[in-house]
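Examining the three-dimensional arrangement
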Amino acid sequence: MSLDPARTVAELEELRELTGDEDGAQRVAWTETWEAAREFLRAKVAGTGAVEEIDQAGNQWFTLRGASEQALLIGGHMDSVPNGGWLDGCLNVLAGVEVLRRIAAEGEPPVTVRLVSWADEEGARFGRSLFGSSAAAGSMRDQEELRSLRDRDGIALPDALREHGVDLDGALAARSQLENAAAYLELHIEQGPVLESLGLPLGVVLGTFGVERSRFTWHGQAAHAGSTPMDRRRDALAGAAKLALDLRRIAAEAGGGAVCTSGGVVCKPGIVTSVVETAEQLLDQRHLDAATLASMLAAAREAADRFAAEEDLTVDWERIWRIEPILFDETLIALADEAVTEVAGASHRLPSGPLHDAAEVSRAGVPTVMLFVQSLRGLSHTKLEDTKREHLELSVRALDRLADKALARL
Ligand SMILES: [Zn+2]
């Protein structure tokens, strides 16, 4: 049986019929609809000879035994956000099924090939993303916090997991799944506008952005909006406003796709008749290079101090959250470039703004790479999410070529 990328598109359409409605995909993890998607996957893999196993974190694995225990992994996620798109996550899995069929038809592969559908990538119901992959990677360290998470109906996460055969306390035992992993491949829709703006169907992902999240609190003096002359004001919002605009310079100077966002400013007293006394400003900065990310943060703090002096304010800084950039494997990136160039004529390397399961696998030390396929209008997490049919088919071919090249290397 040779590779049939059109079949993948047909199966994606079938899955959309089965698990979506007029508002979009409804495959939220730990629900009946998600189980239906897993059952659908089970039926599609049947006949390849791959053996199914659900691990302690709820990840669904299909293993095609090879001559060696060493394993090539291909992964994605069947779960979606509520009212999600028809491709996010499941393109990766169903393209992986097609690759698995092609490999199985050629007889015993030189190494073991495994397809994984990670449990709860989106974190849509309980607000915790990358559940299954972080358990398998051994990086899940928030089990205490997870125990207290509840969904909108007040159902606790451990209870929801139990209904689907997962014991939260035992989830980290899923780590054994990565023991023989020699490489991990993931295809995903870009979910952004870069490839479309370049007119390219496919790209190779260099890694996932590191993130620095901060809170800047500006302190001025509340004063009457009518009686306080303009030159006598200590307006906390003026500092926040200057910093918000200066982020454009900071991102431009960093280059390399740097992004900085001032996503929220809360002003007090927050009434129309008073100068702002305090402004709490949230900042999100992202870059693929750890040193550049650190210098972006330093630049923002320096600028804040300068604006505080100019506006006669004080400013406090506090880190809210951070994550290191994750760089994918250079050898696999080179193979992915070859694969993409062979099927699409040209390749492009780009970072990923969103996190993916691949980041967790990479963090666990497994050589990893991702392929992106163009997203129309850069839209995702909405029913408007779409990719041209011919690009979807090319993406299946590229994943297959990449899997072949990786198998030859292992
Ligand atoms: Zn996804």
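For the structure itself, look to the data block above.
Notes on the structure follow. (Residues numbered from 1 in each chain as written. Predicted model: local features only at pLDDT ≥ 70, side-chain atom pairs only at ≥ 80, totals over all residues. Heavy atoms only, no water.)

1. Quick look at the packing of aromatic side chains
- Inspection of the entire model under this criterion finds four aromatic pairs.
- Measuring from ring centre to ring centre gives 4.9 Å for Trp30 and Trp34, while their planes differ by 65 degrees; the resulting arrangement is edge-to-face. In this structure, Trp30 and Trp34 share a single accessibility class: buried.
- Taking 5.6 Å as the distance between ring centres and 85 degrees as the angle between the ring planes, the aromatic pair formed by Trp30 and Phe131 counts as edge-to-face. One end of the pair, Trp30, is in the loop between strand S2 (24-25) and helix H2 (32-45); the other, Phe131, is in helix H4 (residues 131-137), with 101 residues separating them in the sequence.
- Residue Phe131 is classed as buried on the basis of its relative accessible area of 1%. (Phe/Tyr/Trp six-rings, centres within 6.5 Å; stacked < 30°, edge-to-face > 60°. Buried < 20%, exposed > 50% of the residue type's maximum accessible area, 1.4 Å probe, protein only. Helix = DSSP H or I, 4+ residues; strand = E, 2+ residues; numbered from the N terminus.)

2. A word on the coordination of the zinc ion
- In this structure, His77 (NE2), Asp88 (OD) and His188 (NE2) serve as the protein donors to the zinc ion, at separations of 2.0 to 2.2 Å.
- Here the donor residues of the zinc ion are spaced in sequence according to H-x10-D-x99-H. Placement of His77 in the loop between strand S5 (68-76) and helix H3 (90-105) and of Asp88 in the loop between S5 and H3 is noted, with a sequence separation of eleven residues between them. The two residues His77 and Asp88 agree in class, both being buried. (Donors = N, O, S within 2.8 Å, 3.2 Å for Na, K, Ca; no water.)

3. Digging into helix H10 (residues 330-344)
- In a regular helix each residue adds 1.5 Å, so 15 residues correspond to 21 Å; H10 covers 21 Å between its end C-alpha atoms and thus fits that length.
- Residues of H10 that are buried include every one of Leu332, Ile333, Leu335, Ala336, Asp337, Ala339, Val340 and Val343, and no others.
- Where H10 is buried, its residues touch strand S7 (181-189), strand S8 (202-208), strand S14 (349-352), strand S15 (368-373) and helix H12 (389-409).
- Sitting at the amino-terminal end of H10 is Asp329, which places a side-chain oxygen 3.3 Å from the backbone nitrogen of Thr331.
- In the stretch just after H10, Gly345 is the one whose phi turns positive, near 85 degrees. (Expected span 1.5 Å × (residues − 1). Contact = heavy atoms within 4.5 Å. Polar contact = N/O pair within 3.5 Å; in protein donor to acceptor, adjacent residues only side chain to side chain.)

4. Some details on unusual backbone geometry
- The omega angle of the peptide bond from Lys268 to Pro269 is 0 degrees, so this bond is cis rather than trans.
- If you trace the backbone, Pro269 turns up in the loop between strand S10 (259-268) and strand S11 (278-287).
- Phi at Asn83 takes a positive value of approximately 55 degrees, unusual for a residue other than glycine.
- Looking at Asn83, the relative accessible area reads 36%, which means it is partly exposed.

5. Looking at the nonpolar core
- Counting residues in hydrophobic clusters, the biggest one holds 91 residues, and the most contacted among them are Trp30, Phe131, Leu185 and Leu371.
- If you tally residues by element for this core, the top one is H3, at nine residues.
- Judged by nonpolar contacts, the second largest core, of 22 residues, contains Phe216, Ala303, Ala304 and Leu313. (Core = buried A, V, L, I, M, F, W, Y, C linked by side-chain atoms within 4.5 Å.)

6. A short note on H3
- Given a rise of 1.5 Å per residue, 16 residues ought to cover 22 Å, and the 23 Å separating the end C-alpha atoms of H3 matches this to within 8%.
- Most of H3 is tucked away, with 14 of its 16 residues classed as buried.
- Residue Gly107 follows H3 closely and has a positive phi angle near 95 degrees.

7. Comments concerning the pattern of salt bridges
- Scanning all chains against the criterion turns up 37 salt bridges.
- Residue Arg215 is joined to Glu280 by a salt bridge in which the shortest nitrogen-to-oxygen separation is 3.9 Å. In this pair, Arg215 sits in strand S9 (residues 210-219) while Glu280 sits in strand S11, placing the two residues 65 residues apart along the sequence.
- A relative accessible area of 30% means that Glu280 is categorised as partly exposed.
- Salt-bridge contacts for Asp337 lead to Arg349; the nearest nitrogen and oxygen are separated by 2.5 Å. Of this pair, Asp337 sits in helix H10 while Arg349 is found in strand S14, placing the two residues twelve residues apart along the sequence. (Salt bridge = Lys/Arg side-chain N within 4 Å of Asp/Glu carboxyl O.)

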